[in-house]
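Residue-level listing of the chains:
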Amino acid sequence: MSTRVTVLVGGSLAAALMVTAGCNPPGSTKAANSDTSVAAKSFVAPGAKDEYYLFYSGGHSGQVYVAGLPSMRHISTIPVFAPYPATGYGFDVESKSMMGKFTWGDVHHPGLSQSDGKYDGRWLFVNDNANNRIARIDLRDFKTRQILGPIPNSSGNHGSSFVTENSEYVLVASRFSVPLPKGRYADPSTYKTEYNGMVSGIKVDQKTGEMSVGWQVLTPPFNWDLGSTGKGPSSGWAFWTSYNSEMAHETLEATATQGERDYAAIVNWRAAEQAVKDGKATLMDGVPVIDPAKVPGVIYFLPVPKSPHGIDTDPSGRWIAASGKLQPVTSVFDFEKIQKAIAAKTFDGDVRGIPVIKPEAVLEGEVPVGLGPLHTQYDGKGNAYTSLYVESAVAKWTLPPWTDAQKKDLNTIVIDKIPVHFNIGHLVVGGSDTKEPYGRYLVAMNKLSKGRHVSVGPSQPESSQLIDISGNKMSMLYEAYTEPEPHFAQILKVDTIAPIEVYPKAENTDSNAVWEASQASVTRNGNKVEVKMMAIRSRFVPDKIEARAGDEITIHVTNVEQTTDMIHGLGIIEHDMNVVVDPGETKTVKFKAAKAGVFPFYCTNFCSALHQEMQGYLAVKP
């Protein structure tokens, strides 16, 4: 960036911070809107149901939170990358196996499955920034069904989970760059030459949802950030920003902000798929990896505003909005012009053999949205909404095509701005990443909640605010709090899906399931004790298990209930063991009877008036 621009931006940021501090002082408890009639717009009466699901990422909790809209009431937590005793996740054999050696994850960006560019309600994909994994949640039962990873040749799964129009792929880009293949050492001082990033196509089986690594594209070590997938004219393409085009490796706060612009990646994922079919990839750690310097047409670079975060495709697929954290504008690019620029080779050199598209050839305009722009969402009515971290606000602006008068002064297309509390990160409009957004509510996910709630000590929640965007002006409706950290969210109409609440007995194919007391058993084979247990209101059968110290014990417990909400748990005293079994489900736990004694076990999930009586004994002889 030139010195002049740097001074302007720096001065603007300082001024914004002063203004922000003046308008919304940290610690303020003043309500944003005291008009009680506003409350009616988000009120859902006791017993009534919300119209939308809100799937929040749980950040470093490793989980996904489910709330309802417009009430913002927390409904449930879906455990994904971390154990969750409330549902027994991470204690039974199946979920422990999915989690592997890890006990936590860092969930950032949930992505709903799509068909024909619209949410189809089959699956929710979430990424793990910490351990390079991606998970699939089945929305038939709201359960995690697969965790894939660590993804080979990829480090820091942050640029994820971006779902293609028909869920062919979930696309992933690496935040961190490392020497490849993994396990190779190179001093960080050789970062520019020895380190690489990676873009990955995670292939999704259309019938089962099973994920596998389909292909990868090698990139310079740019630190890939957020992305989005194309549709309409940009079908088959995907976009990511990077915040370290300088390829710095230390003190990034200063060294990665030197360039006037950073690069966005424009990836033709269909071309990548074809290149692998044509045998143009090289296997690395079992994955076909494409070197774009040798396979032209797979990836291009596009200069975008300084230190960007989000790059978002509008519902038409023509307009691509990229925001630079350190520039007070959102740049709008025309994908039709991008295609023409690629065809005409309107390039400004290359980086490691990857062509750089001239930005002036594809830029539609730079919208002066405000300070610290991060992410943009769309309502499907020709409007865009950009989060402003520094300004603690959301700006509403009009998408192209613009009139000549508007083009001369793009300030005129910024039609509304609303303050949020405080320092907004992501925001979400239902269906913004599809062809048909819902366009009714916007949820602002704010990084700081300073003083907006009664004190809970130094560990602070984050705030989420519900904004009505159905009219010309945005209107603040409600705010709620979540544990860290809802980086992003997805909104889904409730009537899109019909989750089951009981696993039908006929669908239980577990060979160890028992449905009657007469089928229950305790079997010894050497030092191995296998138990087939039935759980029913209000007893376990058997309720006595005999073992010897040192035995390996396996318990298959079947909840034979076929009634909704009749959930049973099995907790064993002093064995760090709790498994929760939903109606019609069978789960298996394994553990070692380490010491002699008599250890009660009991139902951990309240199930009936005689819940306390639902207990038994593990009797371990010396």
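Just so you know, the residues in each chain are numbered from 1, in the order the chain's sequence is written. Per-residue local features are limited, in this predicted model, to residues with pLDDT of at least 70; the limit for side-chain atom pairs, both in listing and counting, is 80 or more; totals at the level of whole chains, interfaces and linings are taken over all residues. Heavy atoms throughout the structure, all of them, feed into the side-chain values; hydrogens and water do not.

As named in an unreviewed UniProt entry, the protein chain is Nitrous-oxide reductase, taken from Luteitalea pratensis. Within the UniProt record for the protein chain, the comment given under Subcellular location (unreviewed entry) is "Periplasm". UniProt positions are given in the numbering used here, feature names are shortened, and annotations may be inferred rather than shown by experiment.

1. Some details on the sheet that holds strand S39 (residues 568–572)
Reading across the sheet, the 5 strands line up as S37-S43-S42-S39-S40 and stay open at both edges, with mixed pairing between neighbours. If you trace the sheet from one side to the other, it starts and ends with strand S37 (544–548) and strand S40 (577–581), each paired once. If you compare each strand with its neighbour and ignore which way they point, the axes differ by 15° on average. By the convention used here, strands pair only if DSSP detects at least 2 bridges between them. Helix and strand assignments come from DSSP, with helices taken as H or I runs of at least 4 residues and strands as E runs of at least 2, each series counted from the N terminus. Axis definition: a line fitted to C-alpha atoms, over the contacting stretch in the case of helices. Angles run 0 to 180 degrees between N-to-C directions.

2. Some points on the side chain of Ser42
Relative to the helices and strands, Ser42 is located in the loop between helix H2 (36–39) and strand S1 (52–57). A residue is classified by how much of its surface remains accessible, and Ser42, at 6% relative accessible area, is buried. Once you skip the residues sitting within four places of it in the chain, Ser42 turns out to touch Pro70, Ser71, Leu466, Leu477 and Tyr478. Burial status follows relative accessibility: with a 1.4 Å probe on protein chains alone, a residue under 20% of its type maximum counts as buried, one over 50% as exposed, and anything between as partly exposed. Should any heavy atoms of two residues lie within 4.5 Å, those residues are considered in contact.

3. Some details on the UniProt feature "domain: Cytochrome oxidase subunit II copper A binding" (unreviewed entry) in the protein chain
Residues given the UniProt feature "domain: Cytochrome oxidase subunit II copper A binding" (unreviewed entry) here are residues 526–622. Secondary structure over residues 526–622 splits into 0% helix and 57% strand, and the C-alpha atoms at its two ends are 15 Å apart.

4. What about the sheet that holds strand S20 (residues 319–324)?
Overall, antiparallel pairing links the 4 strands, which are arranged S19-S20-S21-S24 in an open sheet. Lying at the two open borders of the sheet, with one neighbouring strand each, are strand S19 (308–313) and strand S24 (363–367). This sheet shows a mean twist of 20° between the axes of neighbouring strands, independent of strand direction. In this sheet, S20 lies alongside S19 in antiparallel orientation, the contact comprising 4 bridges. Residue pairing in the sheet places Ile311 in a bridge with Ala322 of S20. The strands that helix H7 (residues 335–343) touches are strand S21 (330–334) and S24; relative to S21, the one it contacts most, it runs at about 60°.

5. Describing the confidence of the model for the protein chain
Scored from 0 to 100, pLDDT reflects the predictor's confidence in each residue. Looking at the protein chain, pLDDT values average 94 and 95% of them are 70 or higher. Every residue in residues 1–32 scores below 50 in pLDDT, and together they form 37 contacts with partners more than four places removed in sequence or on other chains.

6. Quick word on the packing of aromatic side chains
We call Phe, Tyr and Trp rings a pair once their centres come within 6.5 Å, taking the six-membered ring for Trp, and we label the pair stacked below 30 degrees between planes, edge-to-face above 60, and tilted otherwise. Using the criterion set out here, one finds 20 aromatic pairs in the structure. Taken together, a centroid distance of 5.5 Å and an interplanar angle of 55° make the contact between Tyr53 and Phe142 tilted. Within this pair, whereas Tyr53 is found in strand S1, its partner Phe142 is found in the loop between strand S6 (133–138) and strand S7 (143–148), the two being separated by 89 residues in sequence. Its relative accessible area of 14% is what places Tyr53 among the buried residues. You can call Phe142 buried: its relative accessible area is 14%. Among the aromatic residues, ring-to-ring pairing joins Trp237, Phe239, Tyr300, Phe335 and Phe347 into one connected group.

7. Let's talk about the environment of Pro401
Structurally, Pro401 can be placed in the loop between strand S27 (393–398) and helix H9 (404–408). Remark: the alpha-carbon pair of Pro401 and Arg539, spanning 138 residues in sequence, is separated by 67 Å.

8. Some words on the pattern of salt bridges
Side chains carrying opposite charge are able to pair once their charged atoms draw close together. Salt bridge, as applied in this entry: a Lys or Arg side-chain nitrogen positioned within 4 Å of an Asp or Glu carboxyl oxygen. Per the counting criterion, the structure on display carries 25 salt bridges. Of the charged contacts, one joins Asp128 and Arg133 as a salt bridge, the two residues approaching to 2.9 Å between their closest N and O atoms. There is no split in this pair, since Asp128 and Arg133 are both buried. With a closest N to O distance of 2.5 Å, Arg524 and Asp551 form a salt bridge. A residue pair is termed long-range when its members are at least 10 positions apart, and Arg524 in strand S34 (residues 521–525) and Asp551 in the loop between S37 and strand S38 (552–559) qualify at 27 residues. Residue Arg524 is classed as partly exposed on the basis of its relative accessible area of 34%.

9. A word on the domain arrangement of the protein chain
Where each domain begins and ends follows an automated or database-derived domain assignment. Looking at the protein chain, the domain boundaries give domain 1 (372–499) and domain 2 (505–620). The centre of domain 1, based on its C-alpha atoms, is set 47 Å off from the matching centre of domain 2.

10. Things to note about the pairing of strand S29 (residues 424–429)
Judged by how many residues are buried, S29 sits mostly within the fold: 6 of 6 residues are covered. Sheet topology places S29 next to strand S30 (residues 441–446); 4 bridges connect them, and they run antiparallel. Bridging across to S30, Val428 finds its partner in Val443.

11. A word on the nonpolar core
By size, the foremost hydrophobic cluster in this structure holds 29 residues, and its most contacted members are Trp215, Val217, Trp240 and Phe301. Dropping the residues within four chain positions of it, Val217 is found in contact with Gly197, Met198, Val199, Ala272, Ile290, Pro292, Val298 and Ile299. Each nonpolar core is a collection of buried residues, namely Ala, Val, Leu, Ile, Met, Phe, Trp, Tyr and Cys, held together in the definition by side-chain atoms within 4.5 Å. Among the nonpolar cores identified, the runner-up in size contains 26 residues, and Ile553, Ala593, Phe601 and Leu618 belong to it.

12. Section: unusual backbone geometry
Trans is the prevailing form of peptide bonds, just as negative phi is the prevailing case for residues other than glycine. In the segment running from Leu69 into Pro70, the intervening peptide bond is cis, with an omega of 10°. As for its position among the elements, Pro70 is in the loop between strand S2 (63–69) and strand S3 (74–79). In this model, Ser160 is joined to Ser161 through a cis peptide bond whose omega is 10°. Its place among the elements puts Ser161 in strand S8 (residues 155–163). The backbone phi angle of Arg352 is positive, close to 55°, even though this residue is not glycine.

13. Description of H7
Those residues of H7 that fall on the buried side of the exposure criterion are Phe335, Ile338, Ala341 and Ile342. Seen from one end, H7 has its buried residues packed into an arc of 110°, which puts them on one side. Residues Lys340 and Ala343 are exposed on H7 and point more than 90 degrees away from its buried face. Immediately beyond the C-terminal end of H7, within one or two residues, lies Lys345, with a positive phi of roughly 55°. The arc under discussion is defined with respect to the helix axis, by the directions toward the C-beta atoms.

14. Focus on helix H6 (residues 269–277)
Looking only at H6, the buried set comprises Trp269, Ala272, Glu273 and Ala275. Buried positions in H6, seen along its axis, are confined to an arc of 160° and lie on one side of it. Of the surrounding elements, those touching the buried residues of H6 are strand S9 (169–176), strand S11 (195–204), strand S12 (211–219), strand S14 (237–242), strand S15 (261–268) and strand S17 (287–290). For H6, the capping residue at the N-terminal end is Asn268, with a side-chain oxygen 3.3 Å from the backbone nitrogen of Arg270. The positive-phi residue at the C-terminal boundary of H6 is Gly279, with phi of around 75°. By the criterion applied in these results, polar contacts are pairs of N or O atoms within 3.5 Å in which, for protein atoms, one can donate a hydrogen and the other can accept it, and in which residues neighboring in sequence qualify only through two side-chain atoms.

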